[in-house]
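Reading the structure
Take a look at the letters that make up each chain.
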Amino acid sequence: MLEWVADPQIWIGFLTLVALEIVLGIDNIIFISILAGKLPPEQRDRARVLGLAAALISRLLLLLGLSWVVRLTDPLFAVFGHDISGRDLILLLGGLFLLAKSVTEIGHSMEGPHGKDGRKAAAASFTSVIVQIMVLDVVFSLDSVITAVGMVDELGVMVAAVVVAVLVMLFASGPISRFVDRHPTIKMLALAFLVLIGVMLVAEGLGQHIPKGYIYFAMAFSVIVELLNIRMRGRHARQRALEEETEEGTPATEDPASKMK
């Protein structure tokens, strides 16, 4: 056992796998953040922790059932000459669920806190949010585990990498969630990312591979542009506030004797 622990190649694979698991978990964090944001403030942190704990458990269970995961790639039936496997079905259904959920959330965001009839929208229940998170966790975990199996041979390395990646995601999810809640444009951008990821999952389920590097590059570029916009809007807001304070203070500094002349 100590032989592979002392092997530098194992550690390189471990660090690479941790980095990939964190990158692959970005969409999971975004989804959890948006769903948790629908809960009352006192329940959001607990929902994020439970959601990521469910993600960790699902990944570990899939790793322990590697033989079952490998069989998921075997064809079950064919549609129009295209073989459909268990993995394809999971990705297809998960992608459709993510698309439906993202489009629905975009509609709610466009309507604002009040619906079309003017009444305040009801807060989501804690149980329904956790169930939705767990459903998507299975899809995201499947992708994550298949990546891990393709990179590392040692089960212990896979488990350690998944645990470390989820712990990093757990610490990052709080600041990310609060940042998304404070900036509606970032939330809309995050929902658009989830639509893209849903389309990618559906395409993967239909046998059309889309390199994730393109998706993540587009996401990173869009976030950078929006962060620059947020900074610019903040600077303009501070400048307008300073100008208003200056204008309000001008009459008080005038000499009353000068007005009587």
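Everything below is about the structure shown above.
Predicted, not measured: the structure shown is a model, and the values here were computed from it. (Residues numbered from 1 in each chain as written. Predicted model: local features only at pLDDT ≥ 70, side-chain atom pairs only at ≥ 80, totals over all residues. Heavy atoms only, no water.)

Things to note about the overall build of the chain
Within the chain one finds 11 helices and two strands. Order of helices (α) and strands (β) in the chain, N terminus to C terminus: α-α-α-α-α-β-β-α-α-α-α-α-α. Taking the intrachain contacts of the chain between residues at least 6 apart in sequence as the baseline, contacts between residues at least 24 apart amount to 82%. Roughly 15,300 Å² of accessible area belongs to the chain as shown, and the carbon and sulfur atoms make up 68% of that amount. (Helix = DSSP H or I, 4+ residues; strand = E, 2+ residues; numbered from the N terminus. Contact = heavy atoms within 4.5 Å. Areas by Shrake-Rupley, 256 points an atom, 1.4 Å probe, with all protein chains shown as cover.)

Some words on helix α9 (residues 184-205)
Over its 22 residues, α9 runs 32 Å from end to end, which matches the ideal 32 Å to within 8%, given 1.5 Å per residue. Where α9 terminates, the next one or two residues include Gly207, which has phi positive at roughly 85°. (Expected span 1.5 Å × (residues − 1).)

Digging into helix α3 (residues 26-36)
Burial analysis of α3 places 10 of its 11 residues in the buried class, which makes it a mostly covered element. For α3, the complete set of buried residues consists of Asp27, Asn28, Ile29, Ile30, Phe31, Ile32, Ser33, Ile34, Leu35 and Ala36. (Buried < 20%, exposed > 50% of the residue type's maximum accessible area, 1.4 Å probe, protein only.)

Some thoughts on the packing of α3 against α9
At a minimum axis separation of 10 Å, α3 and α9 run at an interaxial angle of 125°. Classified by the interaxial angle, the pair formed by α3 and α9 is oblique. Handedness of the α3/α9 crossing: left-handed. In contact with Asp27, Ile30, Phe31 and Ile34 of α3, α9 contributes Lys187, Ala190, Leu191, Phe193, Leu194 and Ile197. Its residues assigned to classes, the contact of α3 with α9 comprises eight nonpolar, no polar and two charged. (Axes fitted to C-alpha atoms, helices over the stretch in contact; angles between N-to-C directions. Parallel < 35°, antiparallel > 145°, perpendicular 65-115°, else oblique. Left-handed = near helix turned anticlockwise from the far one by under 90°. Nonpolar A, V, L, I, M, F, W, Y, C, P; charged D, E, K, R; others polar.)

Here we look at the nonpolar core
One broad rule of soluble globular proteins: the nonpolar side chains tend to lie buried together. Counting 39 residues, the largest nonpolar core has Ile30, Leu98, Leu194, Ile197 and Leu201 as its most contacted members. Of all elements in the fold, only α3, α4 (41-64), α6 (86-111), α7 (126-151), α8 (155-182), α9 and α10 (212-253) reach the threshold of two or more residues within this core. In terms of residue count, α7 provides more of this core than any other element does, nine residues in total. Aside from chain neighbours lying at most four places away, what touches Leu194 is Asp27, Ile30, Phe31, Ile34, Leu98 and Ser102. (Core = buried A, V, L, I, M, F, W, Y, C linked by side-chain atoms within 4.5 Å.)

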